Amino acid sequence: MTQERKAILTFNDGTPPIELPVLSGTLGPDVIDIRALSKHGFFTYDPGFQSTGSCRSSITYIDGDAGQLFYRGYPIEQLAEHSDFLEVCYLLLYGELPTGPQKFEFDSMVKQHTMVHDQMNRFFTGFRRDAHPMAIMVGVVGALSAFYHDSLDISNPHHREVSAFRLLAKVPTIAAMCHKYNVGEPFMYPQNRLDYVGNFLYMMFATPCGHYEPNPVLARALERIMILHADHEQNASTSTVRLAGSSGSNPFACIASGIACLWGPAHGGANEAVLAMLEEIGDESRIGQYIDRAKRKDDSFRLMGFGHRVYKNMDPRADIMRRTCHEVLDELGLHDDPLFKLALKLEKIALEDDYFIEKKLYPNVDFYSGIVLRAMGIPTNMFTVIFALSRTIGWVAQWHEMIGDPENKIGRPRQLYQGARQRDYVPLDKR
Ligand code: ACO
């Protein structure tokens, strides 16, 4: 009989040791189950959850040292090469690649839900034209729960599935509407003759005055960006969605909370920040000075698009993105694009610099995705929105998994309190 592996926590002050079970997953390091600690009067302290697993999951696996990313066991490189985005969505949601008929039915279901309630169009006029599209996204995606009451019962599997389809289908429509509202063009209704990505490009770039057909090379590049961003285990926005969902909130509200978290420059806002940084650097001759700034402790500047909480080796998505970047620039005849050349030079210099080598800081997926999106004519303020629409499926799949997990509890971390001890109120005239 194999003995259950245990970790024993000992103290140097006579407190009796505490035995903690060690759990093993299919891949990745073993995990010490600390749930019993609170019964002994202790909590763990782990700001930023660097050493804390918050849930069991079977969706995505990352080996940060090996630079590997798997969705449901399939390497990201294979999916980016052979799959389309909706097939990846099916895989993330249901755990297996679909058969032909399953894929057909899934795609048809998504198409059935691409329009938003017509009354939602009027929401947009409440926003300033120059509002950041992410600000509009947070509001409008959250507002879906005010329109689709018939799928809000989270204990009902059918409701959960309908909500998943609605989110997957409507988020691109809302995203494109944000752009159209920004630039003052009329909203374009979805075209269900097109595939998911082609339809999004149509809603972004078509106008009622002319004919628009998506360029297949650009559509494939965007599809790849979406596949690469579809899920990334328990990152900040996904954890936010799970935390919001752990209290029983409806899925539309939960996804809106994920969008809010994603907006930050340390997370989904990074590709926008990469372009801003490249534009600020402006010329190869100034790279050195920015690298120096990134290394200085007294300067908050960081090299945007470099570093990752989990990848301490090349982000496999960055490699695919670099190749995609070449394809798009070739297609558009932009190979002399100064920003792309600057990015390549910056990457080379940083990868040879001791600071970046020592700290294992490699380019992440966002380093190149911004250049690709810009070349496609997507405005910078839409970059994070495109990340949000790609990640919606990951959030939805993780939310589904959490709702079905019998160990799920409301997320409620503890703290190391360092404030004042109890003291008595002093009246205003005595202070
Ligand atoms: N430039 C310069 N130094 C950096 C960078 C960077 N981009 N990233 C990390 N470091 C340094 C830190 O200053 C720290 O140095 P120290 O040990 O001397 O204090 C060390 O490397 C470790 O960094 P942490 O901040 O502890 O790493 P963490 O895991 O908390 O942060 C993060 C990861 C937020 C992604 C960080 O690398 C960063 O801010 N990168 C730039 C923003 C970015 O590209 N974000 C996109 C992430 S990918 C995504 O969301 C899809």
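Residues numbered from 1 in each chain as written. Predicted model: local features only at pLDDT ≥ 70, side-chain atom pairs only at ≥ 80, totals over all residues. Heavy atoms only, no water.

For the rest of this paragraph, the subject is the packing of aromatic side chains. Within this structure, the stated rule accounts for 19 aromatic pairs. Both rings, one in Phe-123 and one in Phe-147, keep their centres 5.6 Å apart while their planes meet at 65 degrees; by these two values the pair is edge-to-face. Residue Phe-123 is found in helix α4 (residues 121-124), and its partner Phe-147 is found in the loop between α5 (133-143) and α6 (157-183); the two are separated by 24 residues along the sequence. (Phe/Tyr/Trp six-rings, centres within 6.5 Å; stacked < 30°, edge-to-face > 60°. Helix = DSSP H or I, 4+ residues; strand = E, 2+ residues; numbered from the N terminus.)

Our focus in this paragraph is the sheet that holds strand β1 (residues 6-9). Read across the open sheet, the three strands follow the order β1-β2-β3; overall the sheet is antiparallel. A strand with exactly one partner marks an edge of an open sheet, and here the two such strands are β1 and β3 (31-32). (Pairing = 2+ DSSP bridges.)

The residue Ala-375 is located in helix α16 (residues 366-375) in this model. With a relative accessible area of 18%, Ala-375 lands in the buried category. Measuring from C-alpha to C-alpha, the distance between Ala-375 and Asp-337 comes to 8.9 Å, with 38 residues separating the pair along the chain. (Buried < 20%, exposed > 50% of the residue type's maximum accessible area, 1.4 Å probe, protein only.)

Quick look at the sheet that holds strand β6 (residues 74-75) now. Spatially, β4-β5-β6 is the arrangement adopted by the three strands of the open sheet, whose pairing is antiparallel. Every interior strand has two partners, whereas the edge strands, β4 (60-63) and β6, have only one. Sheet topology note: the strand β5 (residues 68-71)/β6 ladder contains two bridges and is antiparallel. Bridge assignment links Tyr-71 to a residue of β6, and that residue is Tyr-74.

Let us now look at the pattern of salt bridges. Per the counting criterion, the structure on display carries 25 salt bridges. Of the charged contacts, one joins Glu-4 and Lys-6 as a salt bridge, the two residues approaching to 3.8 Å between their closest N and O atoms. The class for Glu-4 is exposed, based on a relative accessible area of 51%. For Lys-6, a relative accessible area of 40% corresponds to the partly exposed category. In this structure, a network of salt bridges that share partners links the residues Glu-280, Arg-293, Arg-296, Asp-298 and Asp-299. (Salt bridge = Lys/Arg side-chain N within 4 Å of Asp/Glu carboxyl O.)

The next point concerns the side chain of Asn-250. With respect to the helices and strands, Asn-250 occurs in the loop between α9 (236-246) and α10 (251-262). A distance of 3.0 Å separates a polar atom in the side chain of Asn-250 from the backbone nitrogen of Phe-252. Here the side chain of Asn-250 touches Ala-253 through a polar contact of 2.9 Å, landing on its backbone nitrogen. With sequence-adjacent residues up to four places away left out, Asn-250 is seen in contact with Ser-145, Leu-152 and Ile-154. (Polar contact = N/O pair within 3.5 Å; in protein donor to acceptor, adjacent residues only side chain to side chain. Contact = heavy atoms within 4.5 Å.)

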